[in-house]
Structure formats: structure tokens, C-alpha cells
Amino acid sequence: MSDVSAHTETITQLSCAEAKVLVARQEGDALDLRGLSALPIEVARVLASHAGGSYGQLVLDGLTTLLPEVAEVLALRDGGLSFQGLQSVSRDAAQSLAKHRGDLKLSGLTLLPDDVAAELAGHFGALKLGAPTMSTMAARALASCQGDIWLGAKTLPEDVAAAFSEHLGDLHLNALSTLDQAAARWLARRRGPLWLGLTTMSDEVAAVLAEGDGALNLNFVTSLSERAAEAFARRRSPPRFGRLNALSDAAVAAMAKHMRRISLKVASLSDAQVQSLAGHEGSLRLPKVSSLTDAQIARLAHHKGSLRLGLTSLSDSAAESFAHLDGDLSLERVVTLSDEQAVALARHRGTLVIGLHALSDAQAESLAGHAGALWLPDLTILSDMQAASLAR
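Residues numbered from 1 in each chain as written. Predicted model: local features only at pLDDT ≥ 70, side-chain atom pairs only at ≥ 80, totals over all residues. Heavy atoms only, no water.

Caption draft 1: Representation of the overall build of the protein chain. When you go through the protein chain residue by residue, the secondary structure sums to 17 helices and 20 strands. Taking the principal axes of the C-alpha coordinates as reference, the protein chain spans close to 70 × 55 × 25 Å. Burial analysis of the protein chain (392 residues in total) assigns 49% to the buried set. Summarising the internal contacts of the protein chain: among those between residues at least 6 apart in sequence, 33% fall at separations of at least 24. Accessible surface for the protein chain amounts to roughly 17800 Å². Of this, 49% is attributable to carbon and sulfur atoms. The average position of the 35 basic charges and that of the 43 acidic charges among the side chains of the protein chain differ by 4 Å. (Helix = DSSP H or I, 4+ residues; strand = E, 2+ residues; numbered from the N terminus. Buried < 20%, exposed > 50% of the residue type's maximum accessible area, 1.4 Å probe, protein only. Contact = heavy atoms within 4.5 Å. Areas by Shrake-Rupley, 256 points an atom, 1.4 Å probe, with all protein chains shown as cover. Lys, Arg positive; Asp, Glu negative; His and termini not counted. Charge placed at Lys NZ, Arg CZ, Asp CG, Glu CD.)

Laid out in C-alpha cells, this is it:
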């Protein structure tokens, strides 16, 4: 093997000497050995000395069996462990893995017996499982785990949801495609953060989830009805959305009235939605909105709080409106400005982010007078004179 550190995922056999080379060269990084289908205890001891740190996991996804003595050795490793090729794991192996501190991936498991679940419950760190069949007792055991849990189930039986209502760590159900009211009612009782992979939900389920107090992440939901938006907007701790792209005027109005933090992936806004958002107070992120009329921008400038837009260009009128915004302003996709627009934006008070690639001397002089923090993350050309102006 000419270069044992190149394309490590293709390695199918590994000697102790070769393992030592990998451990030395990959320190602090991930070590992907998914091509191994067997792992002698002597090689495992060497790999256990690999210090991957917080993000450098040891990937052994090609293993289909895991001997308890091998698990015992690998559990001592500093860094995550991935065994996604295992469809089952023995109680003794699970007992050894529970001693590991860090991310543990067992997402290939198809069955989780009660005794295995009881052992894995002692693991301290993120536990990433697939969609194994488990009993109520197994679910209750896992719920006592102190770390975060990932489950790949597409559906959630009520008894499993009831068990995980007591879990205090983050619960990730990112593969979930459906959720009924009974299961949702148990999940709403959770105190720990909840992550759901639902893309849509009924108004009834939304109303139930809105009754909870714990952090709720609905990053895959793309649309909400007016009733659902109203329910979530009134929640004591409003959920976080990452992909909302279809909302009625009434739904936006409800969110603007009750939510401090709004992040929408809509590409455009109606006049009614602009009017509602203009009265919003808090963080408003609209990174996909690339075009607005001057009249709409004038209304949005009345918004109180941080504002992020996906606009690609500004008119003089728009720049003048933004000068009066009461809050931070992010225009990361605006790559050019006129000198007049720079003068107007310089009067804005608060953090200002603009995606300019270059500046004129006049623009540098104007923006140097900006009262708040100024960020030009994409600036690639800057003369000494311009740098001196901005440094003042």
C-alpha cells in the first residue's frame, strides 16, 4: 500500500503498522475506514489511540458484527464512533459502547431489544439510531439517556412518544413524515429541545404542539395555515422554522403580531404581508426576497429590529428608506452601489452588512462615517486610500 492515508474509505484490510501511520497522520481529523469488514482486536487497539476530537469520528460502517472486546477497546477513543453497518448489537457490546464519551452512530439497527436499550441508555453523548423496532420498555430505557438522541423513524407510536416525553436532551426526529394528535400530545410535554422532520402538519397537531414550552424546531415545514400560524405564534417559546415558503397574508399577520423572531424562505411578499411585517418588532430574515418595490421597502423600513433581505440591487429611494431603519440591516447580495446610495446608507444607525465587491473612493469616504458596525465580507478590491478612510 503506497500511501495508506489516501482515500482511507477504500481500505479493505489494515495491519497494525498501517493503522499506526493513519493514526499519526489523521490526528484531529475524521478517519473513514468504512471499507473494513473485519477488525482484529490488535488493530482496534491502535485505532483507539486516534484522537479525533469533537468532530473527528472514526467511521467503521463496513462492520456487520461487533465483538464485545473490540467494542470495549474502541469505547476508549477520543472522538465519535460510527457503526452504521450493524443491524444488531449484543448486550455485552452495548455495555462496552455505553462507556464511550462522544457521538455514537448505530443508525443501521433494525431491532433494539430491551436489554440492549438498557445498556445504551448509560451512554453519555449523542446517540444516533436508525428506525429500530423497540418495545415500550426499550423506549423508556433510552429516554433516560442524558445525551441527545436521533431516531430515524418515519412514524412515532404513542407509547414511544410517551416514553420520550421524559427525555431531557435534544430529541431529533428528522425522518418523521407523519404525526398524530396522540403522539404529539406526549411530545408537547417535553422540556428538552425537539426537532421534527415534518414538512406539513394538520391544524390539530399544530395546536397540540403549540401547547408545549420546550424548544421546538420545525426546520422542514414549508407551509402553515392561518390557524397553525396563529397557534404557534402564541406559543410561549415560538418554534424555529427554516424553510417556510408558502404563507397566506393572514398567517404572516399572525406571525408578525406574536413572534419576535421570524425567518421565511418566501421569494416574494404581497403588499398586505409587507404591511404586517412592517409592524413587527424583533428579528426578521427574508433571505430569498430578491426584489421589492420602493413603496414596499419604504414600509419595511418602519420595522423595528434586525432586517435581512436578499435584494440584489437598490434604488436611490430604497437606500434613503433604509437610512431610517431602526435596527441592524443585512444586504449581503447587493454587490454594487451608487455614490448617492452610499451616502444614504451611511446615515443608517446599527450594524450594516453589504455584499459589495469593490468601492469607489467617494463610497469609502461616505461609509466611513457610518455610526454602527460596518461589514463588507465580499470586498475583494480596496486601495490604500480607501482602507485609510474606512479605518477612521
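Caption draft 2: Examining helix H11 (residues 249-258) more closely. Along H11, the residues that are buried comprise Ala251, Val252, Ala254, Met255 and Ala256. Looking at the packing, one finds that the buried side of H11 touches strand E12 (223-224), helix H10 (226-233), strand E13 (240-241), strand E14 (246-247), strand E15 (261-263) and helix H12 (271-278).

Caption draft 3: Layout of the side chain of Ser96. Here Ser96 is to be found in helix H4 (residues 91-97). At 3.4 Å, the side chain of Ser96 forms a polar contact with the backbone oxygen of Pro68. Ignoring any residue separated from it by four or fewer positions in sequence, one finds Ser96 in contact with Pro68, Ala71, Glu72 and Ala75. (Polar contact = N/O pair within 3.5 Å; in protein donor to acceptor, adjacent residues only side chain to side chain.)

Caption draft 4: Broad picture of the sheet that holds strand E18 (residues 329-331). Strand order in this open sheet of 6 strands is E15-E16-E17-E18-E19-E20, and the pairing throughout is parallel. The open sheet is flanked by E15 and strand E20 (374-375), the only strands paired with a single partner. Pairing of strand E19 (residues 352-354) with E20, which is carried by 2 bridges, proceeds in the parallel orientation. Note that in E20 the partner of Val353 across the bridge is Trp375. (Pairing = 2+ DSSP bridges.)

Caption draft 5: How the structure looks around the nonpolar core. If you look at the biggest cluster of nonpolar residues, it comprises 120 residues, and the most contacted ones within it are Phe83, Leu179 and Leu196. Sort the elements by how many residues they give to this core and helix H2 (residues 41-48) lands first, with 6 residues. What Phe83 contacts, discounting residues up to four positions off in sequence, is Leu60, Asp61, Leu63, Leu66, Leu74, Leu97, Leu104, Lys105 and Leu106. (Core = buried A, V, L, I, M, F, W, Y, C linked by side-chain atoms within 4.5 Å.)

Caption draft 6: Summary view of the packing of H10 against H11. Contact pair H10 / H11: the axes reach a minimum separation of 8 Å and the direction vectors enclose 5°. Our classification of the angle between H10 and H11 gives roughly parallel. Note on element contacts: H11 touches H10 through Ala250, Ala251, Ala254, Met255 and His258, opposite Glu226, Ala229, Glu230 and Ala233. Taken together, the residues of the contact of H10 with H11 sort by class into 6 nonpolar, 1 polar and 2 charged. (Axes fitted to C-alpha atoms, helices over the stretch in contact; angles between N-to-C directions. Parallel < 35°, antiparallel > 145°, perpendicular 65-115°, else oblique. Nonpolar A, V, L, I, M, F, W, Y, C, P; charged D, E, K, R; others polar.)

Caption draft 7: Up close: the side chain of His348. For His348, the location among the structural elements is in the loop between helix H15 (339-345) and E19. One polar contact links the side chain of His348 to the main-chain carbonyl oxygen of Gly327, over a distance of 2.7 Å. Residue contacts for His348: discarding those within four places in its chain leaves Phe322, Ala323, Leu325, Gly327, Asp328, Leu329, His370 and Ala371.

Caption draft 8: Region of interest: the sheet that holds strand E11 (residues 216-218). As summarised here, the arrangement of the 10 strands in space is E1-E2-E3-E4-E6-E8-E9-E10-E11-E13, forming an open sheet in which the pairing is parallel. Single-partner strands in this sheet number two, and they are strand E1 (31-32) and E13. Pairing analysis gives 2 bridges linking strand E2 (residues 58-59) to strand E3 (residues 81-82), with the strands arranged parallel. The partner of Val59 across the bridge, within E3, is Ser82.

Caption draft 9: Expanded view of helix H1 (residues 16-25). Looking only at H1, the buried set comprises Ala19, Leu22 and Val23. Down the axis of H1, the smallest arc covering the buried residues is 100°, so these residues share one side. More than 90 degrees from the buried face of H1, the exposed residues found are Ala17, Lys20, Ala24 and Arg25. (Arc of directions from axis to C-beta.)

Nothing here speaks to function; it is all geometry.
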